[in-house]
Amino acid sequence: MTVYTAKQTIDEYAPRLDAAADAIWETPELAFTEWQSAATLINFLREEGFEVEEGIAGIATAFSGRFGHGKPVLGVLGEYDALSGLGQEANCLEKKPNGKNAGQGCGHNLLGVGSLAAAIAVKHYLEESGAEGTVIYYGCPGEEGGSGKAFMARDHVFDELDAAVCWHPGVLNKVRTRSSLANYQILFKFDGLAAHAAGAPHMGRSALDALELMNIGVQFLREHMPISARIHYSIIDAGGISPNVVQPHAEALYLIRDADNDGVKELYKRVLKIAEGAALMTETKESHDFVKACSNLVMNETMQHEMDRIMQEIAPPVPNNEDMAFARELTLKTLMGAPHANPDHPYAYEKMSYDFNEGEIASAGSTDVGDASWLCPLAQLTTATWCLGTPGHSWQAVTQGKRAAAKEAMRYAGIIMGETLISLLEHPDLLEKAKEEFRGRVGKGYVAPIPEGVRPRALTDL
Ligand SMILES: [Zn+2]
């Protein structure tokens, strides 16, 4: 029996993979309610003979699909949740809502299926080579605002892994070489006493005042934070709509970020003091709820380097003329002035070179892949799914989500991830080196940032 490369397998599966990505695009679902999107992936895994376990970590739309036996155990992480308010027609040169309440503004329809492609490629390799090893596809829900993987990591889902890979749609073909920030998301509530704002103001205790004072306190704190830290907030509840009432309740959602979990924890203690101070000043009652957290990303140069070596060997797809023309128009009409947008060369389909610098400052965002990266050596890449200048979480990303170029870039990511895992199966010394590096980087190991007992919640359920 000939052993297929990941490219041969994924090329053969292209029509089915593309159809699955389109199906998920058509059923955009918000964090932790991804029933149909999960079903599309679960059915595919079952048809391919993977042993599927649903509802892992007690999360209804989280699942795993396992194939093979014995060590090493290799993981591929997939996501499939969508973003609210981004319902948008596909292949459209203008913002045109399609009547759906959510849309794939982060390309997770492609993310979930590109990772599935890699798992299937490894399955074929294991089957045809007779090699020992296990590949597990993880269906990870609620990436957007939910940190699904951090809950899964806390509940030991990733403990058995020897290594893992994943990817994210983007505008470049590049292996990820920068870390990301850890974060906590906390809901702060103030309770006061309603009263007539003119007739009996002294009888009222304003929760809204408390919330405003808290925000001011945090504003002063911002001057005294490490350079890597960020604090954001949104007001969920400002009391009521009547200005002649002293507002008896107010709520804000705080997102606190820093370079690592310890940094976030220290900052969180200071924010708590500010909230308590605001309650003291206003004679209101403060309470808070831990919503979610995620860890910083642990780099693994051994894995990244191998992934890059493989990427440099495999030619990236070049978008066809129709995709080029569409991207040119989209750029001219809506993306001029966006970073790197270029109507003369709308897609950066060339491969980027590897640029890992030890100690480089983390990129400003966070990802729940971070928690998985604390449990095993992990590498990620991005591929040129969208044209240059396409902002994440935008209607332009949604509208490009079904194009041929997007799906080819998805399969390209699948091929590179698949080949990376196959290389680890073929070179136990390389896997050992990656694990040794991993042990050095995580030191005493993973401490889950999410306290026991905190359950995943969709932001709409706060
Ligand atoms: Zn995303």
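Conventions and cut-offs
Residues numbered from 1 in each chain as written. Predicted model: local features only at pLDDT ≥ 70, side-chain atom pairs only at ≥ 80, totals over all residues. Heavy atoms only, no water. Helix = DSSP H or I, 4+ residues; strand = E, 2+ residues; numbered from the N terminus. Rg over C-alpha atoms; globule rule 2.2 N^0.38 Å. Buried < 20%, exposed > 50% of the residue type's maximum accessible area, 1.4 Å probe, protein only. Contact = heavy atoms within 4.5 Å. Areas by Shrake-Rupley, 256 points an atom, 1.4 Å probe, with all protein chains shown as cover. Lys, Arg positive; Asp, Glu negative; His and termini not counted. Charge placed at Lys NZ, Arg CZ, Asp CG, Glu CD. Donors = N, O, S within 2.8 Å, 3.2 Å for Na, K, Ca; no water. Phe/Tyr/Trp six-rings, centres within 6.5 Å; stacked < 30°, edge-to-face > 60°. Lys NZ or Arg CZ within 6 Å of the ring centre and 35° of its normal. Bend = angle between axes of the 7 residues up to and from the residue. Expected span 1.5 Å × (residues − 1). Polar contact = N/O pair within 3.5 Å; in protein donor to acceptor, adjacent residues only side chain to side chain. Pairing = 2+ DSSP bridges. Axes fitted to C-alpha atoms, helices over the stretch in contact; angles between N-to-C directions.

J.: Before we move on, could you go through the overall build of the protein and cite the residues and values that matter?
T.: Regarding its fold elements, the protein presents twelve helices and 13 strands. In terms of overall size, the protein behaves like a compact globule, its C-alpha atoms giving a radius of gyration of 23 Å where 462 residues would be expected to give roughly 23 Å. Its C-alpha atoms give the protein principal-axis dimensions of about 85 × 50 × 40 Å. For the protein, buried positions account for 58% of its 462 residues. Considering only intrachain contacts with a sequence separation of at least 6, the fraction spanning at least 24 residues in the protein is 82%. As displayed, the protein has an accessible area near 18700 Å², and 53% of this comes from carbon and sulfur atoms. Of the charged side chains in the protein, 40 are positive and 62 negative; the average position of the first set lies 3 Å away from that of the second.

J.: Could you give an account of the coordination of the zinc ion, naming the residues involved and the relevant values?
T.: Listed as protein donors to the zinc ion are Cys106 (SG), His108 (NE2) and His168 (NE2); their distances from the metal cover 2.1 to 2.3 Å. Donor residues binding the zinc ion come from one chain and are separated in sequence as C-x1-H-x59-H. Of this pair, histidine 108 sits in helix α3 (residues 108–129) while histidine 168 sits in strand β7 (residues 163–170), placing them 60 residues apart in sequence. The exposure class of histidine 168 is partly exposed, given its relative accessible area of 24%.

J.: Explain the packing of aromatic side chains to me, and be specific about the residues and the numbers.
T.: Within this structure, the stated rule accounts for nine aromatic pairs. Ring geometry for phenylalanine 63 versus tyrosine 137: centroids 6.0 Å apart, planes at 25 degrees, classification stacked. A residue pair is termed long-range when its members are at least 10 positions apart, and phenylalanine 63 in strand β2 (residues 63–69) and tyrosine 137 in strand β6 (residues 133–139) qualify at 74 residues. In terms of burial, phenylalanine 63 and tyrosine 137 fall into one category: buried. An aromatic cluster is defined as three or more aromatic residues linked by ring pairs; in this entry it consists of Phe63, Tyr80 and Tyr137. Over the ring of phenylalanine 326 we find arginine 403; its NZ or CZ atom is 4.0 Å from the centre of that ring.

J.: Could you give an account of helix α1 (residues 6–26), with specific residues and numbers?
T.: A maximum bend of about 65 degrees is found in α1 at alanine 14, where proline proline 15 lies one to four positions downstream. Within α1, the full set of buried residues consists of Ala6, Thr9, Ile10, Tyr13, Ala14, Leu17, Asp18, Ala20, Ala21, Asp22, Ile24 and Trp25. Buried positions along α1 lie against α2 (35–47), α3, α10 (395–399) and α11 (404–426).

J.: For helix α5 (residues 207–221), give the residues involved together with the corresponding values.
T.: Between its first and last C-alpha atoms α5 spans 21 Å; for 15 residues at 1.5 Å apiece the expected length is 21 Å, and the two agree. In this structure, the buried side of α5 is in contact with β9 (182–191), β10 (230–237), β11 (249–258) and α6 (261–282). Between the side-chain oxygen at the start of α5 and the backbone nitrogen of leucine 208 there is a gap of 3.3 Å, and the oxygen is on serine 206.

J.: Requested: an account of the sheet that holds β11, with residues and values cited.
T.: Spatially, the four strands line up as an open sheet ordered β10-β11-β9-β12, and their pairing is antiparallel. Unpaired on one side and paired on the other, β10 and β12 (285–294) mark the two borders of the sheet. Each strand of the sheet is rotated relative to its neighbour by a mean of 20 degrees, with strand direction disregarded. As judged from the seven bridges shared by β10 and β11, these two strands associate in the antiparallel manner. Note on β11: the bridge partner recorded for tyrosine 233 is tyrosine 254. The sheet strands contacting α5 are β9, β10 and β11, and the helix crosses β11 at an angle near 20 degrees. Lying over the sheet, α6 contacts β9, β10, β11 and β12, oriented at roughly 10 degrees with respect to β9.

J.: Report on the sheet that holds strand β8 (residues 174–175), specifying residues and quantitative values.
T.: Read across the open sheet, the seven strands follow the order β1-β2-β6-β3-β7-β13-β8; overall the sheet is mixed. Looking at which strands have only one partner, the edges of the open sheet turn out to be β1 (51–54) and β8. Of the pairings in the sheet, the one linking strand β3 (residues 73–78) to β6 comprises six bridges and is parallel in character. Note that in β6 the partner of glycine 75 across the bridge is isoleucine 136. Strands in contact with α11 are β3, β6, β7 and β13 (378–384); relative to β7, the strand with the most contacts, it is inclined by about 165 degrees.

J.: Can you break down unusual backbone geometry residue by residue, with the values?
T.: Between lysine 71 and the following residue, proline 72, the backbone shows a cis peptide bond with an omega angle of -5 degrees. Note on placement: proline 72 falls in the loop between β2 and β3. Despite not being glycine, phenylalanine 32 shows a phi value in the positive range, around 70 degrees. Relative to the assigned elements, phenylalanine 32 resides in the loop between α1 and α2. Judged by its relative accessible area of 13%, phenylalanine 32 is buried. Unlike most non-glycine residues, histidine 340 shows phi in positive territory, near 70 degrees.

J.: Please provide a residue-by-residue account of the pairing of β9, values included.
T.: Of all ten residues in β9, eight are buried, a share of seventy percent or more. Bridge analysis of β9 against β11 gives ten bridges, and the strand direction is antiparallel. Looking across to β11, one finds that leucine 187 is bridged to leucine 253.

J.: With reference to specific residues and values, describe the side chain of aspartate 162.
T.: With respect to the secondary-structure elements, aspartate 162 resides in the loop between α4 (148–154) and β7. Side-chain polar atoms of aspartate 162 contact the side chain of lysine 71, separated by 3.0 Å. There is a polar contact of 2.5 Å between the side chain of aspartate 162 and the side chain of lysine 435. Not counting the four nearest positions on each side in its chain, aspartate 162 is found in contact with Lys71, Pro72, Val73, Cys376, Pro377, Leu431 and Lys435.

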